[in-house]
Amino acid sequence: MAAGRSEITPMNIYRKGINNRMAFRCFFRTVCLFWLLQFATVRSDITDGNTEHLKREHSLVKPYQGVGTSPSSQWDFSGSTLVTSQYVRLTPDDRSKEGSIWNTVPCFLKDWEMHVQFKVHGSGKKNLHGDGIGIWYTKERLHPGPTFGNQDHFVGLAIFVDTFRNDLHGMDRSFPFISAMVSNGTVPYDHGKDGRSSELGGCSAEIRNKDHDTYLAIRYSRGRLTVMVDVDDKNEWKECIDIGGVRLPTGYYFGASAATGDLSDNHDIISMKMYQLMVEHTEEEENLDWTKIEPSVSLLKSPKDNIDDPTGNFRGTPLTGWKVFLLLLCALLGIVVCAVVGAVVFQKRQERNKRFY
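Residues numbered from 1 in each chain as written. Predicted model: local features only at pLDDT ≥ 70, side-chain atom pairs only at ≥ 80, totals over all residues. Heavy atoms only, no water.

A.B. asks: A description of the overall build of the protein chain should follow, citing residues and the corresponding values.
C.D. replies: Assigned secondary structure in the protein chain consists of 3 helices and 16 strands. Put simply, 72% of the contacts in the protein chain that link residues at least 6 apart link residues at least 24 apart. Here the protein chain has roughly 19,300 Å² of accessible surface; of this, 54% comes from carbon and sulfur atoms. (Helix = DSSP H or I, 4+ residues; strand = E, 2+ residues; numbered from the N terminus. Contact = heavy atoms within 4.5 Å. Areas by Shrake-Rupley, 256 points an atom, 1.4 Å probe, with all protein chains shown as cover.)

A.B. asks: I'd like to hear about the state of the cysteines, residue by residue, with values.
C.D. replies: Counting across every chain of the model gives 1 disulfide. Across the disulfide, Cys 203 is cross-linked to Cys 240 (sulfur-sulfur distance 2.1 Å). Judged by the sign of its S-S torsion, about -105°, the cystine formed by Cys 203 and Cys 240 is left-handed. Note that Cys 203 is positioned in strand β9 (residues 202–204) and Cys 240 in strand β12 (residues 238–243), a separation of 37 residues in sequence. Of the two residues, Cys 203 and Cys 240, neither departs from the other in class, the shared state being buried. (Disulfide = S-S within 2.5 Å. Buried < 20%, exposed > 50% of the residue type's maximum accessible area, 1.4 Å probe, protein only.)

A.B. asks: With reference to specific residues and values, describe the pattern of salt bridges.
C.D. replies: Within the structure shown, the criterion is met by 8 salt bridges. Taking the shortest distance from any N to any O, the salt bridge between Asp 268 and Arg 89 comes out at 2.8 Å. Remark: Arg 89 occurs in strand β3 (residues 88–91) and Asp 268 occurs in strand β15 (residues 266–276); sequence separation between them is 179 residues. For Asp 268, a relative accessible area of 3% puts it in the buried group. In this structure Arg 89 comes out as buried when scored by relative accessible area, which is 16%. Linking Glu 286 and Lys 110 is a salt bridge whose minimum nitrogen-to-oxygen distance equals 3.8 Å. Of the two residues, Glu 286 is situated in helix α2 (residues 283–287) and Lys 110 in the loop between β4 (98–103) and β5 (112–121); the sequence distance between them amounts to 176 residues. The exposure class of Glu 286 is partly exposed, given its relative accessible area of 39%. (Salt bridge = Lys/Arg side-chain N within 4 Å of Asp/Glu carboxyl O.)

A.B. asks: Explain the pairing of strand β8 (residues 177–184) to me, using residue names and the numbers behind them.
C.D. replies: Along β8, 7 of the 8 residues are buried, which leaves the element largely enclosed by surrounding structure. Here strand β7 (residues 155–162) runs beside β8; their pairing, made up of 8 bridges, is antiparallel. From the neighbouring strand, Phe 160 faces β8, where its bridge partner is Ser 179. As paired elements, β8 and β9 share 3 bridges and run antiparallel to each other. (Pairing = 2+ DSSP bridges.)

A.B. asks: Report on the sheet that holds β4, specifying residues and quantitative values.
C.D. replies: Strand order in the open sheet formed by 7 strands is β1-β4-β14-β6-β7-β8-β9, with antiparallel pairing between adjacent strands. Because the sheet does not close on itself, it has two edges, and the strands there are β1 (75–79) and β9. Looking at each pair of strands side by side, their axes are set apart by 15° on average, direction ignored. Sheet analysis places strand β6 (residues 132–138) next to strand β14 (residues 253–259), joined by 7 bridges and oriented antiparallel. (Axes fitted to C-alpha atoms, helices over the stretch in contact; angles between N-to-C directions.)

A.B. asks: An account of the packing of aromatic side chains is needed here, citing residue identities and associated values.
C.D. replies: The description of two aromatic rings rests on the distance between their centres and on the angle between their planes. Per the stated rule, a full pass over the model turns up 11 aromatic pairs. Geometrically, the ring pair formed by Trp 112 and Tyr 220 is tilted, given 6.0 Å between the ring centres and 40° between the ring planes. With a gap of 108 residues between them, Trp 112 in strand β5 and Tyr 220 in strand β10 (residues 214–221) connect regions that are remote in the sequence. In this structure, Trp 112 and Tyr 220 share a single accessibility class: buried. Their ring planes at 85° and their centres at 4.9 Å tell us that Trp 112 and Phe 254 sit as a pair that is edge-to-face. Within this pair, whereas Trp 112 is found in strand β5, its partner Phe 254 is found in strand β14, the two being separated by 142 residues in sequence. In this structure Phe 254 comes out as buried when scored by relative accessible area, which is 2%. Here the aromatic cluster, defined as three or more aromatic residues joined through ring pairs, consists of Trp 112, Tyr 137, Tyr 220, Tyr 252 and Phe 254. Taking the ring centre of Tyr 253 as reference, the NZ or CZ of Arg 141 above it sits at 5.7 Å. (Phe/Tyr/Trp six-rings, centres within 6.5 Å; stacked < 30°, edge-to-face > 60°. Lys NZ or Arg CZ within 6 Å of the ring centre and 35° of its normal.)

A.B. asks: How would you summarise the environment of Leu 142 if you had to cite specific residues and measurements?
C.D. replies: As for its placement among the helices and strands, Leu 142 is situated in the loop between β6 and β7. Counting along the chain gives 63 residues from Leu 142 to Gly 79, while the straight-line C-alpha distance between them is 9.5 Å. Excluding residues that lie within four positions of it along the chain, Leu 142 makes contacts with Asp 76, Phe 77, Ser 78, Ser 100 and Trp 102.

A.B. asks: Just give me the short version of the side chain of Ser 100, but keep the residues and values in it.
C.D. replies: Its place among the elements puts Ser 100 in strand β4. A relative accessible area of 4% means that Ser 100 is categorised as buried. A distance of 3.0 Å separates polar atoms of two side chains, one belonging to Ser 100 and the other to Ser 78. Ignoring anything within four residues of it in the chain, the contact list for Ser 100 reads Asp 76, Phe 77, Ser 78, Thr 81, Leu 90, Leu 142, Ala 256 and Ser 257. (Polar contact = N/O pair within 3.5 Å; in protein donor to acceptor, adjacent residues only side chain to side chain.)

A.B. asks: How would you sum up the nonpolar core? Please name residues and give values.
C.D. replies: Grouped together as the largest cluster of nonpolar side chains are 47 residues, with contacts concentrated most on Trp 112, Ile 135, Leu 216 and Ile 269. For this core, the element with the highest residue contribution is β5, accounting for 5 residues. Ignoring any residue separated from it by four or fewer positions in sequence, one finds Leu 216 in contact with Met 114, His 115, Val 116, Phe 118, Ile 135, Ile 159, Ile 178, Val 227, Met 228, Val 229 and Trp 237. Phe 148, Ala 158, Phe 160 and Tyr 253 belong to the second largest nonpolar core, which has 9 residues in total. (Core = buried A, V, L, I, M, F, W, Y, C linked by side-chain atoms within 4.5 Å.)

A.B. asks: Please give an account of the sheet that holds strand β2 (residues 82–83) that cites residues and values.
C.D. replies: A sheet is described by the order of its strands in space; here 7 strands give the open sequence β2-β3-β15-β5-β10-β11-β12, paired in antiparallel fashion. Looking at the sheet topology across the chains shown, the edges are occupied by β2 and β12.

Right, dumping it as structure tokens:
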């Protein structure tokens, strides 16, 4: 053999195979560990109700102390709202009622998460109930109107729990339906189309007449709005809405409202718990006057395009961190597979070449 070339023997080939397998196992374990850490991070996006970060001035809990019309009250209510020791009933199971409850303290948190425990129930059978609940983060409060008991030209964020179908042509989705809308006050909620022309996304959720309470989590952090639901009494959050590019100012008010029409339901709020999210921001973000931000959403397409979307859901949003990770993981596994196949092919060729020495 030529000088300087290592001798190719069965033992050398065996050792190379051992080294390749050990390297692959090490790399695979590293990828699995990274995957597990990433999964744990994603699953922890929704808080577990850490009381350390509970903001009591923005939370509504039993026995609802601080609710009333006095100057020291942190929550105020209007309309048909009835406050008991066990629940806040926004509307009774009667026709043409509307009620609301609003936090009197403006929220100046940049990153937050609101957990809403609620219950919708009544004597109406299937498709004979209405209208639903609105959860609000808006510039103004206590302005009754046609949008689930609040004004239709609102400024801020609204999450709607719509229990009655108005658009008879929109049979591609089932009700109750949960949706999100961000408005600067120029576009009203379109009841006739069930808000399709302005919704950012949504999901169907069976929340009526449950033997257990139902939950809604609304998370806003670093420009991303996430809505999760827990309606099956399994203590598990399920993603309903996840969209980036959302800009919301600080200094707005949280509230909840509900309305009935010719059909009705009891709309009860059991609790609204606000949590502060500990998130680091850049120096530029810290120096920004967040109270001057205009509510808006940077979309890849206009929300009005949802009218022709057969699924009824907006999907043209940036990839989430979880989806990006899965794409990267698939790419890494593909590279590993190609490398292993290449190594095996190379060893086979070396074995064949050995016969000619």
